[in-house]
Amino acid sequence: MKKIFIITGEYSGDIHAAKVVKELRALGTDVEIEGVGGLNLEAQGVKLFANQDKMSAMGVTPKILFDHFKLGKSVVDYLKNYYKPDIVLLIDYGAFNLSVAKFLKGSGIKVFYYIPPQVWASRKYRIKLIKKYVDKVLCIFPFEKPMYAQYGIDTHYCGHPLVAQLPPPAGRREFFRKHNLDLEKRLVSVFPGSREFELRQLMPVFKKSIERFSKRHPDVQFCMSQAPNLSDSIYKKYLGDFDIKVIKGDNQALLSVSDALVLASGTVALEAALYNTPMIIAYRGPQLFYWIYLLVRCIERISLPNIIAGKDIIPELVQEDVSVLNITNEIEDILYNSENRDLMVKDLKEVKALLSEKNSALEVAKVIDSTLFS
């Protein structure tokens, strides 16, 4: 029987990996699958060599570096000497996965990379590593295919996974009733991030912004999204006794019914764009990591809608620009300046049009199936 090993490093990668496995099963692909992942992969019947929990830790502490090194060494040893899969499918998580790819070189194991590192945004030197150690790149943005082609890298454009996976917009009336929201008031939803360090950096300024805005505009209500990978105890640690409705497990519906959004940058911004929901990005990280980012970045913009469009559609507040005054001013502009709001919605619709209608996970499954059984 043919064998596949999948490596993910974060919650989102685990979701994408599980979708690929589901499509492989639907195709009738007779294959054994193991991997490094989480609950979503496990739910698809994948035997986990290791859980990804520790891999999503943020920072460069000796313990984090040692844990990653130890896991990487054990994964490579297992793949080369024991499991010997036909294909290793890497998903996102560039630093770790490229290291694994390097040590698999010459082993006879094919290495495919789905959702490759965003070399067009930062650390462009990684494209040389991809060319050297990866057999096929399965990219998700249309502009990536010609970029990789310039380097002679075998690339298949799969389309962005969100296009096929995103549920339709929720019914506003039903959603508001479900969560006891006031149908007579506009809704601004705050997404403070999915990592603990993001809550630490952003929650204080978000809470102060909500307080200030609420005093100025009683016709507006706020709620806050809790990322599903964050425990209630961690979330409560940073929210404290702040009086706001917290919604967990209904994030995409919340994106679709909100009148405006305040987002920590990430995939959630692209989800919001696909729902045509006006938004601002407000992101602040540890200063050291921001300085490092400034050294390695290749482009000025940080949010995917702006990057895909190649222009400034949504406001980006970064580091010292993340302030109560700036956040409240930008949200006021979205809610009360109809001309600017309409222009943003129009541009967001164009972003959606730029992305393919392909079912990304199915495309990946087809490529794997044809490679294994052609």
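A brief look at the structure comes next. (Residues numbered from 1 in each chain as written. Predicted model: local features only at pLDDT ≥ 70, side-chain atom pairs only at ≥ 80, totals over all residues. Heavy atoms only, no water.)

### A look at the sheet that holds strand E13 (residues 316-318)
Hydrogen bonds along the backbone pair up the strands of a sheet, which may run parallel or antiparallel. Reading across the sheet, the 6 strands line up as E10-E9-E8-E11-E12-E13 and stay open at both edges, with parallel pairing between neighbours. The strands lining the two open edges of the sheet, one partner per strand, are strand E10 (245-248) and E13. Strand-to-strand twist of the sheet, defined as the mean angle between neighbouring strand axes without regard to direction, takes the value 20°. Alignment of strand E11 (residues 260-263) against strand E12 (residues 279-283), held across 3 bridges, turns out to be parallel. Looking at the pairing, Val 262 lines up with Ile 280 of E12. (Pairing = 2+ DSSP bridges. Helix = DSSP H or I, 4+ residues; strand = E, 2+ residues; numbered from the N terminus. Axes fitted to C-alpha atoms, helices over the stretch in contact; angles between N-to-C directions.)

### Brief notes about the nonpolar core
One finds Leu 89, Leu 263 and Ile 368 to be the most contacted residues of the largest nonpolar core, which totals 124 residues. By residue number, the principal contributor to this core is helix H9 (residues 196-216), which donates 8 residues. For Leu 89, the contacting residues outside a window of four places in its chain are Phe 5, Ile 6, Ile 7, Val 20, Phe 112, Tyr 114, Leu 138, Val 364 and Ile 368. (Core = buried A, V, L, I, M, F, W, Y, C linked by side-chain atoms within 4.5 Å. Buried < 20%, exposed > 50% of the residue type's maximum accessible area, 1.4 Å probe, protein only. Contact = heavy atoms within 4.5 Å.)

### Some words on the pairing of strand E9 (residues 220-226)
On any regular strand, side chains alternate: one points to one face of the sheet, the next to the other face. Most of E9 is tucked away: 7 of the 7 residues are buried. Neither face of E9 is open: one carries Val 220, Phe 222, Met 224 and Gln 226, the other Gln 221, Cys 223 and Ser 225, and all of them are buried. Assessed by its sense of winding, the connection that carries the chain from strand E8 (residues 186-191) through H9 to E9 is right-handed. The handedness of the E9 to E10 crossover, carried by helix H10 (residues 232-239), is right-handed. (Right-handed = clockwise from strand over helix to strand, strands pointing away.)

Geometric values such as these leave the question of function open.
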